[in-house]
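# Results of the structural survey
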Protein chains: 2
Amino acid sequence: MGKGDMKLIWGSGSGPCWRAMIALEEKGFGDIEKKFISFSEKGHKGEDVMKKNPRGQVPTFSDGDIIVNESMAICLYLDAAYPNEGTKLIPTDAKDMAQVYQQAIEAHENLQMKIAIKCIYYQWRTKKEERNEETLNENLKAAREELEIWDKRVKQFAYGDKFTLVDAVLFPFVATVVRFGCDISSLPRLQAYYDNLKERQSIKNSWPPHWLEGELKDKILKDL
Amino acid sequence: MGKGDMKLIWGSGSGPCWRAMIALEEKGFGDIEKKFISFSEKGHKGEDVMKKNPRGQVPTFSDGDIIVNESMAICLYLDAAYPNEGTKLIPTDAKDMAQVYQQAIEAHENLQMKIAIKCIYYQWRTKKEERNEETLNENLKAAREELEIWDKRVKQFAYGDKFTLVDAVLFPFVATVVRFGCDISSLPRLQAYYDNLKERQSIKNSWPPHWLEGELKDKILKDL
């Protein structure tokens, strides 16, 4: 195991892939071997993914013969196995550590469900004529309320005065709502957090490449 | 912080509460101060919960002035802050540690969605006349396939030859499907895992008290 033995298989625009890539960048492992797959060409069901990850999902990460695929597990593993490299994603002080575990899991649990599943996937996967507009509006409202919680919390970073695991989890969600058309200027602390962190090297290096090619046409979170 | 400063607010039958309680038992903190709330009386929205956990959810855990409420975060915190007490929930060997992070998050992500949300909550929260039977049957099939994955993996414990975080996450889901009427005898390794672990002291001490009062009438997972 070690940097030279690491490999990541990933796809562009996936929040979990981005989270793992931010963690790798922060730990100083940004230049490990990476294989890009295309979701539209079903690369995540390809042989090299399935061999390491029978669930057919990316990210698929290996460090020698150690395979870790869940993005949160990749972050926890990297920080525990390489405590002296790059950014400490989990602080050592007990109180800070507790808050980082809490807020990272809290961000994942709530934003994944309220933004990714109930707003984005719901609109992607439900035909327009089968959508329940009332449900969708309720879901957009809940997603907005969730963002307001984070707007009250963030400063330069999501927790404390250093980059932590909370940022690796939170930032991709914030960038995704911006990408999908949500105007976050009415959430001024979250807007400042986004403007600040999008210039951070780990974030710039891992920015989804197809996002750089142009804006989305269908801004499905514009009413969020 | 320390055992004498810990407090848990919990409700009976909640998977996340049970997970936190198993972790506390395993670490040797089973006899800390606990406050029981009733979900039907909306105890999770009561003042003492809301003060520590504005999301109005249980478990709500505190260790002195350190507050951790997400059940996975509680487990990670207890093991990291008290590395020399009771069971090591996360092994120190890098490969074992990686697998325990991976499988614990993998169990939570998949079983929470496929069993709790898509099968149990769907039936609880959707009126019978509004249920899509085809969707429900597809969801039951996906839940069954997920249990088959775990049936291939488990031995005496979920990972390796010791109790780990994977067991604290997996066991409450397995016990829940049994409680809700699923006959797991066709998943022989999972059945043996269940029979073995239900006799473990930490599991017995934290068993949902209202489950001891009698069987469920409506066995909504009998077709799983």
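Residue indices follow the written sequence of each chain, beginning from 1 at its first position. As a convention, the first chain written is A and the first ligand written is 1, with the rest following in written order. The predicted nature of this model means local features are confined to residues of pLDDT at least 70 and side-chain atom pairs, given and counted, to a pLDDT of 80 or more, with totals for whole chains, interfaces and linings taken over all residues. Calculated side-chain values reflect all of the structure's heavy atoms, with hydrogen atoms and water omitted.

For the rest of this paragraph, the subject is the side chain of His44(B). All names here are of chain B. Under the DSSP-based scheme used, a helix requires at least four consecutive residues in state H or I and a strand at least two consecutive residues in state E, with every element numbered from the N terminus. Along the polypeptide, His44 turns up in the loop between β2 (33-37) and α2 (47-52). Each residue gets one of three labels from its accessible area relative to the maximum for its type: buried under 20%, exposed over 50%, partly exposed in between, using a 1.4 Å probe on protein chains only. For His44, a relative accessible area of 14% corresponds to the buried category. In contact with His44, not counting residues within four places along its chain, are Ile37, Phe39, Val49, Met50, Gly56, Gln57 and Val58. The criterion used for residue contact is that any of the two residues' heavy atoms lie within 4.5 Å.

Right, let's talk about the relation of the copies chain B and chain A for a bit. A least-squares superposition brings the copies together, and it is based on the C-alpha atoms of residues with pLDDT no lower than 70 in both. Placing chain B over chain A gives an RMSD of 0.0 Å and needs a rotation angle of 180 degrees, together with 0.0 Å of translation along the axis. Between the two chains, the operation in question is that of a two-fold axis.

Turning next to the UniProt feature "domain: GST C-terminal" (unreviewed entry) in chain A. UniProt positions are given in the numbering used here, feature names are shortened, and annotations may be inferred rather than shown by experiment. Feature annotation in UniProt places "domain: GST C-terminal" (unreviewed entry) on residues 93-220 of chain A, given in this structure's numbering. Helix makes up 66% of residues 93-220 of chain A and strand makes up 0%, while its end C-alpha atoms are separated by 41 Å.

Turning our attention to helix α5 (residues 133-153) of chain B. All names here are of chain B. Any helix carries an expected span of 1.5 Å times its number of residues minus one. Between its first and last C-alpha, α5 extends 31 Å over 21 residues, near the 30 Å set by a 1.5 Å rise per residue. Taken together, the buried positions of α5 are occupied by Leu136, Asn139, Leu140, Ala143, Arg144, Glu146, Leu147, Trp150 and Asp151. Buried positions in α5, seen along its axis, are confined to an arc of 160 degrees and lie on one side of it. The outward face of α5, more than 90 degrees from its buried face, is lined by the exposed residues Glu134, Lys141 and Lys152. Contacts made by the buried residues of α5 are with α4 (94-125), α6 (165-179) and α7 (188-197). Taking the helix axis as origin, the arc is that swept by the directions to the C-beta atoms.

Bringing the interface of chain B and chain A into the picture now. Bring the parts together and some accessible area is lost; that lost area is often taken as the interface size. Chain B puts 32 residues into the contact, and the matching count from chain A is 32 residues. The quantity reported as buried area is the accessible area (1.4 Å probe) lost by two parts once they are put together, taken as the sum for both. Of the roughly 2,600 Å² buried at the junction of chain B and chain A (both faces included), carbon and sulfur atoms supply 60%. The salt bridge criterion pairs a side-chain nitrogen of Lys or Arg with a carboxyl oxygen of Asp or Glu, the two atoms within 4 Å. Two residues, Arg55(A) and Glu146(B), come together in a salt bridge whose shortest N-O distance is 2.7 Å. For this analysis, a polar contact is any N or O atom pair within 3.5 Å, provided that within protein one partner can donate a hydrogen and the other can accept it, and provided that sequence-adjacent residues contribute only side-chain to side-chain pairs. Here chain B and chain A share 16 residue pairs in polar contact (both at pLDDT 80 or more) between them. It is α4(B) that provides the largest number of residues to the side of chain B that touches chain A, a total of 15 residues. Class assignment for the residues of the side of chain B that touches chain A results in 19 nonpolar, five polar and eight charged. For this classification, Asp, Glu, Lys and Arg are treated as charged, while Ala, Val, Leu, Ile, Met, Phe, Trp, Tyr, Cys and Pro are nonpolar and the rest, including Gly, are polar.

With that settled, the discussion passes to unusual backbone geometry. Residues and elements named next belong to chain A. Cis geometry is adopted by the peptide bond preceding Pro59, which originates at Val58 and carries an omega value of 5 degrees. Mapped onto the elements of the fold, Pro59 is located in the loop between α2 (47-52) and β3 (60-63). Although it is not a glycine, Lys42 adopts a positive phi angle of roughly 60 degrees. Positionally, Lys42 belongs in the loop between β2 (33-37) and α2.

Each pair of aromatic rings taken from Phe, Tyr and Trp, with Trp reduced to its six-membered ring, is defined by centres within 6.5 Å and is described as stacked if the planes are under 30 degrees apart, edge-to-face if over 60, and tilted in the remaining cases. Tallying each qualifying case throughout the model produces 26 aromatic pairs over all chains. Where Phe29(B) meets Tyr82(B), the ring centres are 5.1 Å apart and the plane angle is 75 degrees; that geometry is what we call edge-to-face. With Phe29(B) in the loop between α1 (15-27) and β2 and Tyr82(B) in the loop between α3 (71-81) and α4, the pair connects residues that are 53 residues apart, well separated along the chain. Taken as a pair, Phe29(B) and Tyr82(B) share a single burial class, namely buried. An aromatic cluster of three or more residues is present, and its members are Trp18(A), Phe171(A), Tyr193(A), Tyr194(A), Trp207(A) and Trp211(A). When the NZ atom of lysine or the CZ atom of arginine is within 6 Å of a ring's centre and also within 35 degrees of its normal, the charge is said to sit over that ring. One Lys or Arg, Arg153(A), reaches over the ring of Trp150(A) and ends 4.5 Å from the middle of that ring. Here Arg125(B) stacks its cationic end above the ring of Tyr121(B), 4.4 Å away from the centre of that ring.

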